[in-house]
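Take a look at the letters that make up each chain.
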Amino acid sequence: MRVMSFNDGWKWRHVGQTDVADPRTSIRKSAQYGKEFQEVELPHDAMIGEPRTPDAPSAGTSGWFEGADYEYVKDFSLDGADEGKTLVLEFEGVYRDAEVWVNDTKMTTLPYGYTGFFVDVTDVVSTSEVNEVRVIAHNSDQPNSRWYSGAGIYRPVNLWVGGKHHIYPDQVHIATESIDPPIVAITARSTPGGRLTAIVEAETESGTRTFTTSADVTSDRTTLRLTLPGAKLWSPETPVIHQCSLRLVSANDEDRADDEAFVSFGIRTVALSDKGFLLNGRRVILQGACIHHDNGLLGACAYPDAEERKVRLMQENGYNAIRSAHNPCSKAMLDACDRLGMLVLDEYADQWYIHKTKYDYANRLEDYWRADLEAMVNKDFNHPSVIMYSLGNEVAETAQKRGVALTRNMTRYLHSLDQTRPVTCGINIFFNFLSFMGLGVYSDKKAEREGDTRRPKNDGVFEKLTAVGSEFYNNLAGIAGADFMKAGATLPPCDVLTRDAFAELDVAGYNYGIRRYQRDLKKYPHRFILGTETFCGDAYRFREEAKRSPRLIGDFVWAGIDHLGEVGVGAWEYRDYAPKDTGFGWLTSAQGRLDLTGKPLGEALYTRVALELDPGPYIAVRPVNHTGERHTPSAWRMSNARPTWSWNGCEGKKAEIEVYARAASVALTLNGKTIGRKVIPKNDCKVTFTCDWQPGTLSAIALDERGRTIGKCSLTSASDTVELRAEPEEEIAYSGGLCYVRLRYTDEKGEGKPLEDGHLKVAVEGAELVGLGNASPFNLGSFLSDSTATYFGEAMAVLRVPSPAGEKITVSVSDNLRSAEVSLPVSSQKKAER
């Protein structure tokens, strides 16, 4: 079937509440209480424009956004040539409890907000009249997530068109059976009858070659095998993608195709052995980062450019894998990972049958998990980047017999759908024990008591430890620290309460269990261990242990990039940016190695060195204007250092300096004068120095065992001059794509000035401003405004270029004293076609 974008021409509005029981009547009647329709182009996050209030039922889990229900409507006409064709609408993601109506006929409902679904509309649409598709997204039942979910049709919609005799969408699966020689099995689900022909255009060392095979279609599934001599393999280093087209023809007319399908795929194998995790027979250590589905200033909108940017940023900072925490990721994300060579652990759900929030998916999962997993596999199957599935995250059910049975059933079901990929599940070993003991277990009564705004709160230790569900665990870790959680995981009962579930999985997923690794590898000689969630400060230890222990296959740090909601869990903030420790106003989790705008922090530089992307050295400095001051605590942050020496106005204050390097020792100088020299500990790649801040150049010299220089880096302070700059991340804007423009206070040479803050106003010509804001975890502003404060001297504007577009776009930014402007030429070429 051919696929067409179905993202333009939509309208949306709020849907009011009503007690009318009949769903159809409810939709029609409640619409009168909603706002007027507004035009929108998908993807669209309706929640990001909602008010943030202290009374939001979801409180900090959502970033204090209010929830609501939304109605989307699109009128469309079909070409006469589509008469008699099979027509299928694809929704890649609607959050949540989606209802789809076509021409006043209710077609389907789908409760899970992260699973794509298809709606066959063949029998309800007309080629002679205007048709209407109407979608209702229910998000007023709050809280229903532990993080900012977004709402509405936040991922793309497509229209698939094929003959009555057709190949089903997302039902062509291409599996690698051998890499020497390359052999693939192409299985297609279609209507029976006729003949199926596969034509593969494969990239080889001698250029593109075409391979063809055919078979009669005698059932609804047909498998063809092709040997592709010389075809290049897919790997992170060489992410080669091949193309396959399928033609389905009637038995009596082989010249005319009844239907066609086009699929991209890669040739690669995945295996687990005593040599470790093997990709194409070669060991790869998974050095990953957990990422949420939101795109920062854009909310939950799954723009392809935003998804690709996130992948690229992770790669640039030393990660070769991402974990889609804690829900299936978008198709656009997988496309980007295929192109860029990023490995993917795609995850199913954050809860099973035990609630983590009042209105989450726990009541629905047992009825829908088979359909959900099948949808995830169909989405992922042809993406070589996807190398493993995860059943869930920190599901305490795995400590129960019922939960172990569910682990077994879901694992076996995934194996029946896809025999090429292993299955894991992220289990918090210590929290399984605490949950078994009754600590932190969610209940509606506890949640209602905790959420009662009439109760006086002192935000003290008692209040934090009487929270419910995951908030209790986050608070506990924040108060007791990372070592408490890691030490707790070593207790004997933690093994007892996880071993049965681990036995049902191909790979045991350990959340914060690094101190168990060596013990369990010896105790369970056939167990493969994956750090499904880890602390940043353990990256060096993991890397060294993994090099010695092949069955320790990988690590996913929490988290790669900051995300909305689950507020303040990772924050190291001071009073200038965060006037209160908890409560309304907090917006992000602040747990990322990169901030919300994608700016690498000191921890990201540490990651590059610890995971051996390069040996360093790198320098980062804790905010000198706050040396010695109290900040909000977090177990998930190793440091709040930033790679800058521009702490102007802090003369004479103590500067706390971190240097990251794989070397024997590091020498530090300031303006040519030696500050000190320190031996790097054998169990880490970080050393710290302290000196009085003064302007100039700070340099770190990495030295080997004989004192020879093997690397050097420097930070230079800014001058007293202050400029405002608008700096696009790319030199060209692309039709239909996104353009990211970083707004910075600098000196005349472009050196950033983190202590120069202001309020910026932005104007755009030739494009739409779809996101504007800063990376502050505490933020009372809106990303949909045309003005923003800065955070450590920076902000970010995100533009959406129309298609077709003009010859250029222009961004103007100003504060009360300064202004800047930048123009970019626009290419009519799509960004993905570069």
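All values reported here derive from a predicted model rather than from experimental measurement. (Residues numbered from 1 in each chain as written. Predicted model: local features only at pLDDT ≥ 70, side-chain atom pairs only at ≥ 80, totals over all residues. Heavy atoms only, no water.)

A.B. asks: Any details on the overall build of the protein? Residues and values, ideally.
C.D. replies: Per the secondary structure count, the protein includes 15 helices and 44 strands. The C-alpha atoms of the protein give a radius of gyration of 27 Å, which matches the 28 Å a tight globule of 834 residues would have. If you line up the protein on its principal axes, its C-alpha atoms span 85 × 60 × 60 Å. Evaluated residue by residue, the protein yields a buried proportion of 61% over its 834 residues. A sequence separation of at least 24 residues applies to 72% of the contacts in the protein between residues at least 6 apart. With an accessible surface of roughly 32100 Å², the protein has 48% of that area assigned to carbon and sulfur atoms. Taken as two groups, the 96 positive and 115 negative side-chain charges of the protein have centres that lie 7 Å from each other. (Helix = DSSP H or I, 4+ residues; strand = E, 2+ residues; numbered from the N terminus. Rg over C-alpha atoms; globule rule 2.2 N^0.38 Å. Buried < 20%, exposed > 50% of the residue type's maximum accessible area, 1.4 Å probe, protein only. Contact = heavy atoms within 4.5 Å. Areas by Shrake-Rupley, 256 points an atom, 1.4 Å probe, with all protein chains shown as cover. Lys, Arg positive; Asp, Glu negative; His and termini not counted. Charge placed at Lys NZ, Arg CZ, Asp CG, Glu CD.)

A.B. asks: Lay out the pairing of strand 26 (residues 508-511) in plain terms, naming residues and giving numbers.
C.D. replies: Here strand 26 shows a buried face lined by Ala 508 and Tyr 510 and a second buried face lined by Gly 509 and Asn 511. Two strands pair when backbone bridges link them, and strand 25 (residues 423-428) and strand 26 are joined in this way by 3 bridges, in the parallel orientation. Within the sheet, the bridge partner assigned to Ile 427 lies in strand 26 and is Tyr 510. By the bridge criterion, 4 bridges tie strand 26 to strand 27 (residues 529-534) in an arrangement that is parallel. (Pairing = 2+ DSSP bridges.)

A.B. asks: Can you lay out the sheet that holds strand 36 (residues 723-728) for me, pointing to particular residues and giving the numbers?
C.D. replies: Strands sit in the order 36-38-42-40 across an open sheet of 4 strands; the sheet is antiparallel. The strands lining the two open edges of the sheet, one partner per strand, are strand 36 and strand 40 (768-773). Across the sheet, the mean angle from the axis of one strand to that of its neighbour is 20°, orientation sign disregarded. Judged from the 7 bridges that link them, strand 38 (residues 738-746) and strand 42 (residues 794-800) form a sheet pairing that is antiparallel. Counterpart to Leu 738 in the pairing with strand 42 is Arg 800. Those strands touched by helix 2 (residues 304-316) are strand 38 and strand 42, and its axis lies near 55° from that of strand 38. (Axes fitted to C-alpha atoms, helices over the stretch in contact; angles between N-to-C directions.)

A.B. asks: Residue-level account of the environment of Glu 603, with values.
C.D. replies: As for its position among the elements, Glu 603 is in helix 15 (residues 602-610). As a C-alpha pair, Glu 603 and Arg 642 span 39 residues in sequence and 8.3 Å in three-dimensional space. If we skip the residues at most four places from it in the chain, Glu 603 touches Cys 536, Gly 592, Arg 593, Trp 636, Arg 637, Met 638 and Ser 639. For Glu 603, the side chain forms a polar contact with the side chain of Arg 637, separated by 2.9 Å. (Polar contact = N/O pair within 3.5 Å; in protein donor to acceptor, adjacent residues only side chain to side chain.)

A.B. asks: Before we move on, can you summarise the nonpolar core with the specific residues and values?
C.D. replies: Among the nonpolar cores identified, the biggest contains 187 residues, and Trp 10, Phe 91, Trp 645 and Ile 657 are the most heavily contacted of them. Leaving out residues up to four positions away in the same chain, Trp 10 has contacts with Gln 38, Glu 39, Val 40, Leu 42, Tyr 72, Val 73, Lys 74, Phe 91, Val 133, Val 135, Ile 153 and Val 157. (Core = buried A, V, L, I, M, F, W, Y, C linked by side-chain atoms within 4.5 Å.)

A.B. asks: Describe a nonpolar patch on the surface, with residues and values.
C.D. replies: Taken together, the side chains of Phe 436, Met 437 and Leu 439 define a hydrophobic patch exposed on the protein surface, amounting to about 330 Å² of accessible area. Here Met 437 lies in the loop between helix 6 (429-436) and helix 7 (444-450). For Met 437, a relative accessible area of 53% translates into the label exposed. (Patch = residues over 30% accessible without salt bridge, like charges linked within 9 Å, V, L, I, M, F, W, Y side chains within 5 Å. Salt bridge = Lys/Arg side-chain N within 4 Å of Asp/Glu carboxyl O.)

A.B. asks: Help me get a handle on unusual backbone geometry, residues and values and all.
C.D. replies: Here Tyr 95 and Arg 96 are connected by a cis peptide whose omega angle stands at -10°. Relative to the elements of secondary structure, Arg 96 occurs in the loop between strand 5 (86-91) and strand 6 (98-102). Of note, the bond from Gln 142 into Pro 143 is cis; its omega dihedral lies within 30 degrees of zero at 0°. Note on placement: Pro 143 falls in the loop between strand 9 (131-138) and strand 10 (157-162).

A.B. asks: Describe the packing of aromatic side chains, naming the residues involved and giving the relevant values.
C.D. replies: Evaluation of the coordinates by the stated rule reveals 28 aromatic pairs. On the numbers, 6.4 Å between centres and 90° between planes, the contact of Trp 647 with Phe 792 is edge-to-face. In this pair, Trp 647 is assigned in the loop between strand 29 (618-621) and strand 30 (654-660) and Phe 792 in the loop between strand 41 (787-789) and strand 42, connecting sequence segments 145 residues apart. Overall, the relative accessible area of 0% leaves Trp 647 in the buried class. A residue is classified by how much of its surface remains accessible, and Phe 792, at 11% relative accessible area, is buried. Members of the aromatic cluster, joined through ring pairs, are Tyr 95, Tyr 112, Tyr 114, Tyr 154, Tyr 348 and Tyr 361. Taking NZ or CZ as reference, Lys 11 lies 5.2 Å from the ring centre of Phe 37, over its face. For Arg 642, the ring lying beneath its charged end belongs to Phe 792, and the centroid distance is 3.9 Å. (Phe/Tyr/Trp six-rings, centres within 6.5 Å; stacked < 30°, edge-to-face > 60°. Lys NZ or Arg CZ within 6 Å of the ring centre and 35° of its normal.)

A.B. asks: Could you give an account of the sheet that holds strand 33 (residues 686-692), with specific residues and numbers?
C.D. replies: The antiparallel open sheet is built from 3 strands, whose spatial order is 29-30-33. Looking at strand neighbours, the two that pair on one side only are strand 29 and strand 33, the edges of this open sheet. Here the strands of the sheet are splayed against their neighbours by 25° on average, with no regard to which way each runs. Pairing of strand 30 with strand 33 involves 7 bridges; the strand directions are antiparallel. Residue pairing in the sheet places Lys 654 in a bridge with Asp 692 of strand 33. On the sheet, helix 15 packs against strand 29, strand 30 and strand 33 and is oriented at approximately 155° with respect to strand 29.

A.B. asks: Please give an account of the packing of helix 2 against helix 3 (residues 331-340) that cites residues and values.
C.D. replies: Contact pair helix 2 / helix 3: the axes reach a minimum separation of 8 Å and the direction vectors enclose 45°. Classified by the interaxial angle, the pair formed by helix 2 and helix 3 is oblique. Note that helix 2 runs across helix 3; the crossing there is right-handed. Taking contact as the criterion, the partners of Pro 304, Glu 307, Glu 308, Lys 310, Val 311, Arg 312 and Gln 315 in helix 2 are, on helix 3, Ala 332, Met 333, Ala 336, Cys 337, Arg 339 and Leu 340. Looking at side-chain class alone, the contact of helix 2 with helix 3 contains 7 nonpolar, 1 polar and 5 charged residues. (Parallel < 35°, antiparallel > 145°, perpendicular 65-115°, else oblique. Left-handed = near helix turned anticlockwise from the far one by under 90°. Nonpolar A, V, L, I, M, F, W, Y, C, P; charged D, E, K, R; others polar.)

A.B. asks: I'd like a description of the environment of Val 249, backed by residues and values.
C.D. replies: Along the chain, Val 249 falls in strand 16 (residues 242-250). Owing to a relative accessible area of 5%, Val 249 belongs among the buried residues under this scheme. Sequence separation of Val 249 and Ala 482 is 233 residues, and the distance between their C-alpha atoms is 61 Å.

A.B. asks: Any details on the confidence of the model for the protein? Residues and values, ideally.
C.D. replies: Of the residues in the protein, 92% have a pLDDT of 70 or more, and the chain-wide mean is 92. Throughout residues 18-33 the model reports pLDDT below 50, and contacts reaching past four residues in sequence, or to other chains, amount to 25 contacts. For residues 450-463, every residue scores under 50 in pLDDT, and the model assigns this stretch 15 contacts once sequence neighbours within four places are set aside. (pLDDT = per-residue confidence, 0-100.)

A.B. asks: How would you sum up the pairing of strand 24 (residues 386-393)? Please name residues and give values.
C.D. replies: Burial analysis of strand 24 places 8 of its 8 residues in the buried class, the great majority of the element. Of the strand pairs in this sheet, strand 23 (residues 343-349) and strand 24 are connected by 5 bridges, and their pairing is parallel. Across the sheet, Glu 347 pairs through a bridge with Ser 390, a residue of strand 24. With respect to chirality, the unit in which strand 23 leads through helix 4 (residues 362-380) into the neighbouring parallel strand 24 is right-handed. As paired strands, strand 24 and strand 25 are joined by 3 bridges and run parallel to one another. Bridge pairing in strand 25 links Ser 390 to Thr 424. Assessed by its sense of winding, the connection that carries the chain from strand 24 through helix 5 (residues 401-417) to strand 25 is right-handed. (Right-handed = clockwise from strand over helix to strand, strands pointing away.)

A.B. asks: Could you give me a rundown of helix 15, with the residues and numbers involved?
C.D. replies: Of all 9 residues making up helix 15, 9 are buried, and the element is well covered by its neighbours. Buried residues belonging to helix 15 abut helix 2, helix 14 (539-548), strand 29, strand 30 and strand 33. Remark: Glu 612 follows helix 15 within two positions and exhibits a positive phi of approximately 65°.

A.B. asks: Summarise helix 14; cite the residues concerned and give the values.
C.D. replies: Taking burial as the measure, the 10 residues of helix 14 include 7 buried ones, the bulk of the element. Among all positions of helix 14, only Ala 539, Tyr 540, Phe 542, Arg 543, Glu 544, Glu 545 and Ala 546 are buried. Where helix 14 is buried, its residues contact strand 20 (282-283), strand 21 (286-291), helix 13 (517-523), strand 28 (552-557) and helix 15.

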